[in-house]
Amino acid sequence: MSLLSRIANAFRPGRLDADLNEELQFHIDERKRALVAEGMTESEARSAARRQFGSPLQLRESSHDAKALVWLESILRDVRFSLRVLRKEKTVTVAAVLSLALALGVCTAAFSLLDTLLLRPLPIPRPQELVALSYPGSGRPGPSGVVEDESRFSYPLFQRLRDTSSGMDLFGATFSSSYSVVTFAGSPEELNLRVESLTGNGFAALELKPAAGRLFTSADDRIDAAPIAVLSHAFWTRHFGGSPSAIGQWMTVAGRQYQIAGVAQEGFSGLGPGYLTDAWIPFVFSARPAWLTNPEAAAVHIWGRLPEGRAFAAAQLRTVFSNFRRENANGPFHEVPLQFQSAATGEASLFRKQFRQPLWILGLISVLILAIACSNVANLLIARGAARGREMALRIAIGAGRGRLVQQLLVESALLSGAACVLALVFAGYTAPLVVSQLGPSDFPAYLDAGIDARVFGFAMVCAGLTTIAFGLIPALRASAVSPNLALQGDSTKSSSRSGTLKTVLSVQVAFSIAVLLLSGLLVTSFRKLMNVDLGFTKDRVLLFDVAARGRLDKAAQQSAAAQLLDGIRRSPGVEAAGASTLALMSGAFGPMIAPQIRLPGGDWERTRPLYMAVSPGFFETMQIRLLSGRGFDVTDTPTSTASAVIVNQAFVEQFLKGRNALGQRIEQLTDDPEPVTLTVVGIVANVHYNNLREKLAPTIYTQLAGVNGIHLAVRTAGDPHGFTASLRKMIEASGALKVTHVTTQSTTIDDAVLAERLLAILGGLFAAIALLLVTVGLYGVIRYAAARRQKEVGIRIALGAPRPAVLRLMCSDVAAPVAAGLIAGIAGGAIAARYLESILFQVRPTDAVSLAIPVVSIVSTALAAALPPALRASRIDPMSVLRHE
Amino acid sequence: MARQDALQGSLPLLILKILGRLGPLHGYGITARIESMSDVLRVEEGSLYPALHRMEESGFIRARWVTTENKRRARMYEITAAGRKQLEEEERRWLAVTAAVGQILQNV
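Conventions used here
Residues numbered from 1 in each chain as written. Chains lettered and ligands numbered in written order. Predicted model: local features only at pLDDT ≥ 70, side-chain atom pairs only at ≥ 80, totals over all residues. Helix = DSSP H or I, 4+ residues; strand = E, 2+ residues; numbered from the N terminus. Rg over C-alpha atoms; globule rule 2.2 N^0.38 Å. Buried ≥ 20, exposed ≤ 12 C-beta atoms within 10 Å, placed from the backbone. Contact = placed C-beta atoms within 7 Å. pLDDT = per-residue confidence, 0-100. Expected span 1.5 Å × (residues − 1). Nonpolar A, V, L, I, M, F, W, Y, C, P; charged D, E, K, R; others polar. Arc of directions from axis to C-beta. Axes fitted to C-alpha atoms, helices over the stretch in contact; angles between N-to-C directions. Left-handed = near helix turned anticlockwise from the far one by under 90°. Domains from an automatic or database assignment. Parallel < 35°, antiparallel > 145°, perpendicular 65-115°, else oblique. Pairing = 2+ DSSP bridges. Core = buried A, V, L, I, M, F, W, Y, C linked by C-beta atoms within 7 Å.

A. View of the overall build of chain A. Looking only at helices and strands, chain A has 27 helices and 24 strands in total. Computed over its C-alpha atoms, the radius of gyration of chain A comes to 38 Å, more than 25% above the 29 Å expected for a compact globule of 886 residues. If one aligns the C-alpha atoms of chain A with their principal axes, the spans along those axes are about 130 × 80 × 55 Å. Out of the 886 residues in chain A, the part that is buried amounts to 40%.

B. Representation of the overall build of chain B in the model. Summing up its helical and strand segments, chain B has five helices and three strands in all. In sequence order, the secondary structure elements of chain B are arranged as α-α-β-α-α-β-β-α. Taken across its 108 residues, chain B has 28% of its residues classed as buried. Considering only intrachain contacts with a sequence separation of at least 6, the fraction spanning at least 24 residues in chain B is 52%.

C. Structural context of the confidence of the model for chain B. Residue and element names in this part refer to chain B. With 89% of its residues at a pLDDT of at least 70, chain B reaches an overall mean of 84. When the criterion is pLDDT under 50, residues 1-6 qualifies, and its contacts beyond four places in sequence or with other chains add up to five contacts. The complex prediction reports pTM at 0.78, with the ipTM value standing at 0.86.

D. Seen up close, the environment of Leu350(A). Within the secondary structure, Leu350(A) is located in helix α12 (residues 350-387). Remark: the alpha-carbon pair of Leu350(A) and Ala387(A), spanning 37 residues in sequence, is separated by 56 Å.

E. Region of interest: helix α2 (residues 13-37) of chain A. All names here are of chain A. When the terminal C-alpha atoms of α2 are compared, their 36 Å separation across 25 residues agrees well with the 36 Å that a helix rising 1.5 Å per residue should span. Of the positions making up α2, those classed as buried are Leu16, Leu20, Glu23, Leu24, His27, Glu30, Arg31 and Lys32. Backbone geometry just downstream of α2 places Gly39 in the positive-phi region, at approximately 115°.

F. Here's a closer look at the interface of chain B and chain A. Taken together, the contact pairs 17 residues of chain B with 19 residues of chain A. Among the elements that line the side of chain B that touches chain A, the one with the most residues is helix α4 (residues 48-58) of chain B, at six residues. Here the residues of the side of chain B that touches chain A sort into four nonpolar, six polar and seven charged.

G. A look at helix α24 (residues 791-799) of chain A. Residues and elements named next belong to chain A. For α24, the full list of buried residues reads Val794, Gly795 and Ile798. Each buried residue of α24 lies within a common arc of 105° when the element is viewed along its axis, so the set occupies one face. Positive backbone phi, at 105°, marks Gly801, one or two positions downstream of α24.

H. The arrangement of the packing of helix α14 (residues 402-436) of chain A against helix α15 (residues 454-480) of chain A in detail. Residue and element names in this part refer to chain A. Between α14 and α15, the shortest axis-to-axis distance is 8 Å and the interhelical angle comes to 145°. Viewed along their axes, α14 and α15 form a crossing whose handedness is right-handed. A breakdown of the residues in the contact of α14 with α15 according to their chemical character gives 20 nonpolar, seven polar and one charged.

I. Representation of unusual backbone geometry within the structure. Residues and elements named next belong to chain A. Of note in this structure, Arg126 is not a glycine but carries a positive phi near 45°. The residue Arg126 is located in the loop between α6 (90-119) and β1 (130-134) in this model. On the basis of neighbour count, Arg126 is assigned to the exposed category, with 12 C-beta atoms found within 10 Å. At Glu207, a residue that is not glycine, the phi angle is positive and equals roughly 60°. For Glu207, the position within the fold is in the loop between α8 (202-206) and β7 (212-213). The partly exposed category is assigned to Glu207, around which 14 C-beta atoms lie within 10 Å.

J. Fine view of the domain arrangement of chain A. Partitioning chain A into structural domains gives domain 1 (2-68), domain 2 (127-344), domain 3 (354-532 + 755-885) and domain 4 (542-718). When each unit is reduced to the centre of its C-alpha atoms, the spacing between domain 1 of chain A and domain 3 of chain A is 54 Å.

K. Highlighting the packing of α6(A) against α12(A). Residues and elements named next belong to chain A. With their axes 9 Å apart at the nearest point, α6 and α12 run at an angle of 160° to one another. On the basis of their axis angle, the class for α6 and α12 is roughly antiparallel. The way α6 lies across α12 gives a crossing that is left-handed. Broken down by class, the residue content of the contact of α6 with α12 amounts to 24 nonpolar, four polar and three charged.

L. A look at the pairing of strand β9 (residues 250-253) of chain A. Residue and element names in this part refer to chain A. Along β9, the buried face is formed by Met251 and Val253; none of Trp250 and Thr252, which line the opposite face, is buried. As paired elements, strand β4 (residues 180-184) and β9 share three bridges and run antiparallel to each other. Its bridge partner being in β9, Thr183 is matched across the sheet by Thr252. Bridging between β9 and strand β10 (residues 256-263) involves four bridges; their strand directions are antiparallel. Paired with Trp250 across the strands is Gln259, a residue of β10.

M. Highlighting the sheet that holds strand β1 (residues 25-26) of chain B. Residues and elements named next belong to chain B. Here three strands make up an open sheet; going across it, the order is β1-β3-β2 and the pairing antiparallel. Each edge of the sheet is formed by a strand with only one pairing partner; in this case those strands are β1 and β2 (61-67). Where β1 and strand β3 (residues 73-79) come together, two bridges link them in antiparallel fashion. Within the sheet, the bridge partner assigned to His26 lies in β3 and is Met76. Across the face of the sheet, helix α2 (residues 11-22) comes into contact with β1, β2 and β3 while running at roughly 90° to β3.

N. How the structure looks around the nonpolar core. Residue and element names in this part refer to chain A. Among the nonpolar cores identified, the biggest contains 159 residues, and Leu104, Ile369, Ile372 and Val516 are the most heavily contacted of them. By residue number, the principal contributor to this core is α12, which donates 20 residues. If you count residues domain by domain, this core takes at least three from each of domain 3 (354-532 + 755-885) and domain 4 (542-718). Apart from the residues lying within four places of it in its own chain, the contact partners of Val516 are Ile365, Leu368, Ile369, Ile372, Phe767, Ala768 and Ala771. Formed by 56 residues, the second largest nonpolar core is a distinct cluster that contains Phe153, Ala246, Tyr258 and Phe283.

O. Main features of the pairing of strand β8 (residues 228-231) of chain A. Residues and elements named next belong to chain A. The alternating pattern of β8 places Ile228 and Val230 on one face and Ala229 and Leu231 on the opposite face, and all of these are buried. Examined bridge by bridge, β8 and β10 share four bridges and lie parallel to one another. Its bridge partner being in β10, Leu231 is matched across the sheet by Val263. Pairing analysis gives two bridges linking β8 to strand β11 (residues 279-282), with the strands arranged antiparallel. Within β11, the residue paired with Leu231 across the bridge is Ala279.

P. Up close: the environment of Leu24(A). Inspection of the secondary structure puts Leu24(A) in helix α2. It is 8.2 Å that separates the C-alpha atoms of Leu24(A) and Arg60(A), two residues lying 36 residues apart in sequence. Ignoring sequence-local partners within four residues, the contact set of Leu24(A) consists of Pro56(A), Leu59(A), Arg60(A) and Tyr49(B).

Q. Examining the environment of Leu57(A) more closely. Residues and elements named next belong to chain A. Examined against the element boundaries, Leu57 turns out to sit in helix α4 (residues 56-67). The exposure class assigned to Leu57 is exposed, which follows from the 10 C-beta atoms found within 10 Å. Sequence separation between Leu57 and Asn21 is 36 residues, and the spatial gap between their C-alpha atoms is 8.8 Å.

Okay, structure coming up:
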């Protein structure tokens, strides 16, 4: 109560002083009355009363200090004063607030993305205890080129580990990277939901409570238990409106019935940030039956809680792990260590791996932008501080301490960044969710709650505080360091150190801008080059249907169904060509395939395995993949009659068939049978990109497509492919034997493959524009200010006969040196920072002439555009008018 | 000077005691009461106020404005519960200190 009243009093010092005066005056008057009553005259009594009372002014001050927070009051006084100053100099204020707001907004948005995807812990008690088990993977490098850790274990191994772990609460989980088709009893509607599985003790280990019903228990680990499901709170609210009647309803997931038993705790949306899990089913029901007993199947992720100081529990698990693998080893046994990785922030999903580096890069660039804005505002303040030299001198002359002046100037800066911070939060609140919507592939959108929460708010406040010091302290120290004597004499040009600071800040600004432009330029160029990669096929106007058979069809029936389907589609209006394949190009599905080894007759088994793909007749025509020689498949190549006819790509010819006549070449393929299968090359096609745009084109064998289940149907249309989706879908499903599980276009598939690069290019371009805008404003302001300050000197020089070109040179060289220094520093710094980008760049290097030229040219021309007009004006000065002005 | 020294540190105690005994009073009233009861302890009148205001901020007394019979606004102080507790403690300490000092003065 006391602190509150002291704060309140700090806000109304006038009222407080009036009250104090009244109280003291009352006392003096009472005393006077008493003295008069004792017989004194009026005037005697008045002076006696005053004498006895002491100095009211001093007493009031002392009471005032007791009743109000003095420091707060002085800051409030500064705030009021600063608001007046800021309002008076509207242009400077608006320029400063806007440039800071833009930069702070970019930073805050970047942080909010980083936080939601990478930094924020899972919403469970003590998330820091959570660990995920893994062991070093063997052999094959993943898509990123590194051998990834293996984080899936067999179920029997999980059981052994769980049962021997003491107090670690090990549980199993699966993560889903695609939707499951889910229907609820009583409704024909098919929903695409993300369904994951947990072992029975999962929810308990995570210490989550049910929002309704019950969660899994160990009893749910039994395959003969009643199949149940748990809904996420978000889905329960969305689909059932949070109604308790959802409990007990039946739902069908992947053809199996589950009864809804409960709803998970509010706020928990799965173990992987980036996606929302809608429902969980017990692991035993999600797994293939064979997985439950196979000691080698990679079936389940193992997580657990490893509280501090439980090293012995980890050691115990390592032993169990090693023993289990030795017991079940097939052939030679390699000891690998069991690893415990912190999972406090959730699953290290592919999604997070994909965007970790891009988001940090964006963070880095946004910090550089903040630095540009800071130097911008610092320059504005230094320039303005010079104009306020007289005010400062006057205030020092009448006794204000330097600390007091610095405080007032810093309050001014804090007001600027405070206003900017508010705008920045608004900006980030709009832009961060917008960026999130660009993160996921088109048909599996990412979910990140990138709004403004306490953490983001705190970050913005800390940023604003730091920027206040960064841009405010130096100008404040400079401005308050005036010598009252000099300044009051009216000569403010003598403080040459001020223009020194100004030049330094100018260099810094140029350096940061060059770095931002360099980095952004690399990202944009890299993306453009990626998009210009020759795919080997034409992506436009191709619709892709994933087709599945509704029932079981024998081979012959499948084959004829496929042929009929393709025939029908080819005949329909607007269709130019149609073909089918087992895998869609650039869909990222090639990764885990295990390809059979091959050899040439009489040769050794080749170490490199080719890629395989089964395609129908017409596939190459549809995708417009060039046939280089030989022939494509045709309807006479049925898998039964000519199983051995294959088509290979150019890379295959170059790698395995160099110098031979490729057509008619026989290739032996290793299969499960002891006798190798013999293939005959009947055609050669051009190389295409299968998985991603960066890959080396791999040798590939195309075989004849057999069957219709799970194929990808590619249809080249005459116009916008989306217009044909409905009619073609109807046609495919017309017979009732087939259904379409997924539709997309080939262009979308490729767009989805370069999501991270596209995001970086778009935001990089945006950031470059912001940086250029900021630096233009900054350079222009500073250079004009510098020119204005030299007017008098120029006037004298001209009066003394200096030629005008010399004046022009003088004015320009003033700016040229700091800009040049900034250029060099910026290029060096940018090139160093760019090494961090290397893995994401494509066919472009920071040291390329083009990469360097764009930022340098744009900054130099900006500097010239800013410097020339005032320099020209100065060189045309009429010396008399300047000198007379003084 | 002498009378101020005599009061050193005891002013808050006296204020609390007077307010505790006599109920709400304004500043002048407190001064008059101290004067009327002791000739030795004479307050330099103004110094009462900073002390009153500090005690008010500490929560030992609270104040409100009232209008006196001759239509002037006066600030009346009254002791709070916290003030009564403080009074007890201060009084005990004061008595202990003066007793100790007195004993030394007598026995030396």
